[in-house]
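Survey of secondary and tertiary structure
Given next are the chains, with one letter for each unit.
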Amino acid sequence: MAHDESSNPAEGCVLNFLGEFSVHRLYDMVFTNQKEKQKLYYKAISLEVNAQQGMLFLSKEASVDLLTYFNCFSIIKWKQYTTLKELIIAGEIAGKAEIKIFTAGKGGKTIDIFKTEGVFVKSFKIKDLSGELLGLEIKATTDCCIKEISYNGEFESWRNLKIRAVICTYKREKYVNATIKKLSDFSHEFPWFSSLVVDNGSTLPTCNTEIVKIIHNPNYGGSGGFTRGLMEELRSNSSDYVLLMDDDIDLEPAVLNHMYGLLCGIKEEYKESFLSGAMLRMQTPVIQHENTAYWGKIRLHSLGSGWDLSKQDTLVKNEQIPDRENHYGAWWFCCIPLTRVPQIGYPLPVFIKGDDIEYGIRNNRKIIHMNGIGIWHEAFENKQSLWVDYYAYRNFFIMNQYAKGCNRWTLLAMICGRLTVHFIKRHFKETKIFNIALRDAMQGFDRLTAVPAEKQLEQVRALQGDGSYIAAVFSILWKAFKCMFLYEKIKKDYLAFRQEKLMDAVFWREYLKNGKYTL
């Protein structure tokens, strides 16, 4: 332990102490009174603990565990990704309390126990800390209030960044307006952050302020909306990173501080990496739907799915998820260094489904993820329909042309596997949609983009899975057989399109101009 300021210090001691060093405030501990989310913020060990107005109140002899999803500190990730030298924990407690600072995971142990009243500051060299996670336990010796606790750091190198969220929306005013409000409030406090809303439905009023900008766009799906956002940001050259976000997420704003500190202090070898936020389930908020994911040559594999993040051992396991081939972060929360776009090109014009998968694979850099960086989202099984299935089937065929380790045999396995699953589950309409999706995917992007995406969507929405199931099965098998012989040509055409059309904004600019609304 390098420094210790915890014995009844005077008001303002935190600021005086931190002012002695080149220290950056990383993030504050946050608390909630929402019972269903509470264990992601704090866990009462004994007696009464209540969150009010951003503070935590403990009755005498009550204890609380703060090694939680949002309030723990990931030793392993801050060591790995950043140039952090010294971790400084600072806080203020009204009343008397005993604080234990401890680590969890391999080599985890208690590293300090002390009594405090008022302001306290503790400092640790990051190289001396063992374990995956660090957290605090606080026991009240009188009635007390935890007014604030923050993680701060001294770094070998730090760069102040500008980050802009890009949100793609389509006629979902209820959700997007709530998200805009939350992000705008955050920007007032942290001016390094701003938002760009790409409105594919053109129903929101346009605006252009330093905090939020809203623009209209033709309905070219998520890929068209997010790509438009990337184009706008490259043109304005006002941001270092672009944070791609869904419009209907539930966000704990402190997540943005976690993200910012990590990126500002990042090591040189990770400056081209994408940072991915986990998805937690809206209906069961402590359960993780997906940490990150990878394309397993035949289908998607979610990592950390179904894990209960209210448990300490699960949080440790969540930090140990290994890298995978074809690893990616989904665009419900994915932060991309803007300098990578001219280097790797723009996303595929796939409307929805799979654009984030291919783009993450294309970047070919480590995916950064960490406890405390995640959002809540409604489960995707609640959003399924035949027209969404069409895009999923078509684009997963396309994914086979770009993902590492894929070939004609993995494509055949994917086609036959999906056909079998549909038969077992008696998904006869889905089988007929699958047949149409395969037909279209085999044509390549030049044909797929010859029709404006809005018009194609109208055609896709009209699909009802009509016709003979048996005929669809034989048609799919014939297409699978045909793909075996034409695989190299199909793959070559897809790779050529990406290289020739997506390395600058020309294709996308012209493609979007074919929509109902000109740029």
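Residues numbered from 1 in each chain as written. Predicted model: local features only at pLDDT ≥ 70, side-chain atom pairs only at ≥ 80, totals over all residues. Heavy atoms only, no water.

**Overview of the overall build of the protein chain**
- The secondary structure content of the protein chain amounts to 15 helices and 25 strands.
- Across its three principal directions, the C-alpha atoms of the protein chain cover 80 × 50 × 40 Å.
- Taken across its 519 residues, the protein chain has 59% of its residues classed as buried.
- Sequence separation of 24 or more characterises 77% of the internal contacts of the protein chain that already satisfy a separation of 6 or more. (Helix = DSSP H or I, 4+ residues; strand = E, 2+ residues; numbered from the N terminus. Buried < 20%, exposed > 50% of the residue type's maximum accessible area, 1.4 Å probe, protein only. Contact = heavy atoms within 4.5 Å.)

**Quick look at the state of the cysteines**
- Evaluation of the coordinates by the stated rule reveals 0 disulfides.
- For C144, which is in no disulfide, the shortest distance to another cysteine sulfur is to C145 and amounts to 7.6 Å.
- No disulfide involves C416; its sulfur sits 11 Å from the nearest other cysteine sulfur, which is in C483.
- Using a relative accessible area of 29% as the deciding quantity, one classes C416 as partly exposed. (Disulfide = S-S within 2.5 Å.)

**Topic: the nonpolar core**
- Judged by nonpolar contacts, the single largest core of 168 residues is most densely connected at F73 and F333.
- The element that contributes the greatest number of residues to this core is helix α9 (residues 386-402), accounting for 11 residues.
- Excluding its chain neighbours within four sequence positions, the residues that come into contact with F73 are L26, Y27, W78, L84, L87, I126, E132, L133, L134 and Y151. (Core = buried A, V, L, I, M, F, W, Y, C linked by side-chain atoms within 4.5 Å.)

**Comments concerning the sheet that holds strand β21 (residues 300-303)**
- With antiparallel pairing, 3 strands are arranged side by side in an open sheet as β21-β20-β23. Two strands in the sheet have a free side with no partner beyond their single neighbour: β21 and β23 (327-328).
- In terms of strand pairing, strand β20 (residues 292-295) meets β21 through 4 bridges, oriented antiparallel. The residue bridging W295 from the neighbouring strand is L300, located in β21. (Pairing = 2+ DSSP bridges.)

**Some thoughts on the sheet that holds strand β22 (residues 307-308)**
- One open sheet holds the 4 strands; their spatial order is β22-β19-β18-β25, and the pairing between them is mixed. Looking along the sheet, the strands with just one partner apiece sit at the ends: β22 and β25 (374-377).
- By the bridge criterion, 2 bridges tie strand β18 (residues 278-281) to strand β19 (residues 287-290) in an arrangement that is antiparallel. Following the sheet pairing, M279 is matched in β19 by E290.

**Some words on the packing of helix α10 (residues 408-424) against helix α14 (residues 469-501)**
- Running from N to C, α10 and α14 point in directions that differ by 170°, and their axes come no closer than 9 Å. In terms of their interaxial angle, α10 and α14 are classed as roughly antiparallel. Listed contacts from α14 to R408, W409, L411, L412, I415, L419 and F423 of α10 are Y469, V473, I476, L477, A480, C483, M484, F485, Y487 and E488.
- Looking at the contact of α10 with α14 residue by residue, the class counts come to 15 nonpolar, no polar and 2 charged. (Axes fitted to C-alpha atoms, helices over the stretch in contact; angles between N-to-C directions. Parallel < 35°, antiparallel > 145°, perpendicular 65-115°, else oblique. Nonpolar A, V, L, I, M, F, W, Y, C, P; charged D, E, K, R; others polar.)

**A look at the confidence of the model for the protein chain**
- On average, residues of the protein chain carry a pLDDT of 94, and 95% of them reach 70 or more.
- Long-range and interchain partners of residues 5-13, a stretch whose pLDDT sits below 50, account for 17 contacts in this model, where long-range means more than four residues apart. (pLDDT = per-residue confidence, 0-100.)

**Some thoughts on the packing of α9 against α14**
- Contact pair α9 / α14: the axes reach a minimum separation of 9 Å and the direction vectors enclose 80°. Classed by the angle they form, the pair α9 and α14 counts as roughly perpendicular. Touching F397, I398, N400, Q401 and Y402 of α9 are C483, Y487, I490, K491, Y494, L495 and R498, all from α14.
- Partitioned by chemical class, the residues of the contact of α9 with α14 number 8 nonpolar, 2 polar and 2 charged.

**Considerations on helix α15 (residues 506-513)**
- Along α15, the residues classified as buried are F507, W508, Y511 and L512. One face of α15 carries all of its buried residues, which in axial projection span an arc of 120°.
- In this fold, the buried residues of α15 make contact with α4 (221-236), α13 (453-461) and α14. (Arc of directions from axis to C-beta.)

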